[in-house]
Amino acid sequence: MQSEVLEGLATAVNHRRWFVELALPYLGDNPIEIGSGLGDYALEWSEHLPRFTATEADPDRLVSLKERLADRPSIEVRQMLLPHSERGDYSAAVSYNVLEHIEDHVGALDSMRQLVRPGGAVIIIVPAFQFAMSPADIATGHVRRYTKKTLAAAMTEAGLRVEKIHYANALGLIGYFMATKVFRLMPKEGPMVKVYDTLVLPATKAAEQLARPPFGQSVFAVARTPA
């Protein structure tokens, strides 16, 4: 089920580019991505960076990820499951739509902190608002959804200093709520995703660059490891 949803959302090109841009200023020269899935973000970020590490916990997706990224010598692919006790010297750890799957999310954030050099960034996107928890969330293994407050609290508890946190994609939250809670649909490839990505999303992105919305489909956060 999770792979189906990943494949469906891979068609939302404008959405992905927006979220690629959000993280770029904080990635540094040698970041690690936690939970790279199909590698869509890894491919786009690696275009701008000398080195990039992509990781995946699921063994089957790891095989597919290695195959897909085999011709990219600047990308290292490795298996990683959080929480863990490994230490690293990466410039940043970035993780999009992964934390909501992990029961011990403070432990996972603490693991990310330990992978990053002092003063480096931990960059997170998670789905927003518990009221939007739907059968689609349950089917794809979501344990929770977040607010700015709950994500900031988890990051702080993990020893990180929150630098930036805001909601993203306000219209997406309304669309997701209607599609998954009211009409009980799964978020996967189809005309609705294409229309939203082509017509609605560029206007949403432009508006949110002028003023941050009070709600959104996602929470975006950047935190720093202690210097």
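All figures in this text were calculated on a predicted structure; none of them were measured in a lab. Position numbers for residues count from 1 along each chain, tracking the sequence in the order it is written. Thresholds applied to this predicted model are a pLDDT of at least 70 for local features of residues and 80 or more for the giving and counting of side-chain atom pairs; totals over whole chains, interfaces and linings are not thresholded and use all residues. Excluding hydrogens and water, the side-chain values take into account all heavy atoms of the structure.

Before going further, it helps to examine helix α4 (residues 59-68). Residues spaced three or four apart along an α-helix face the same direction, because each turn holds 3.6 residues. The classification of residues rests on relative accessible area computed with a 1.4 Å probe and restricted to protein chains. Under 20% of the type maximum is buried, over 50% is exposed, and intermediate values are partly exposed. Only runs of H or I of at least four residues qualify as helices and only runs of E of at least two qualify as strands under DSSP, and these elements are numbered from the N terminus. Taken together, the buried positions of α4 are occupied by Arg61, Leu62 and Leu65. All buried residues of α4 fall inside an arc of 105° around its axis, so they share one side. In α4, those exposed residues whose orientation departs by more than 90 degrees from the buried face are Pro59, Asp60 and Glu67. Any pair of N or O atoms that falls within 3.5 Å is considered a polar contact. Within protein, one atom must be able to donate a hydrogen and the other to accept it, and sequence-neighbouring residues count only if both atoms are side-chain atoms. One side-chain oxygen at the N-terminal end of α4 lies 3.1 Å from the backbone nitrogen of aspartate 60; it belongs to aspartate 58. Directions from the helix axis toward the C-beta atoms define the arc.

So, on to the pattern of salt bridges. One speaks of a salt bridge when a side-chain nitrogen belonging to Lys or Arg is within 4 Å of a carboxyl oxygen belonging to Asp or Glu. A full pass over the atoms with the stated rule returns 10 salt bridges. Here arginine 72 and glutamate 47 are joined by a salt bridge, their closest N and O atoms 2.9 Å apart. With a gap of 25 residues between them, arginine 72 in the loop between α4 and β3 (75-79) and glutamate 47 in the loop between α3 (40-46) and β2 (52-56) connect regions that are remote in the sequence. For arginine 72, a relative accessible area of 27% puts it in the partly exposed group. A salt bridge links glutamate 163 to arginine 224; the nearest nitrogen and oxygen atoms lie 2.8 Å apart. Placement of the pair is glutamate 163 in strand β6 (residues 161-168) and arginine 224 in strand β7 (residues 218-224), with a sequence separation of 61 residues. With a relative accessible area of 39%, glutamate 163 lands in the partly exposed category. Taking relative accessible area as the criterion, arginine 224 reaches 19% and is therefore assigned buried. Salt bridges sharing common partners tie together Asp29, Asp89 and Arg117.

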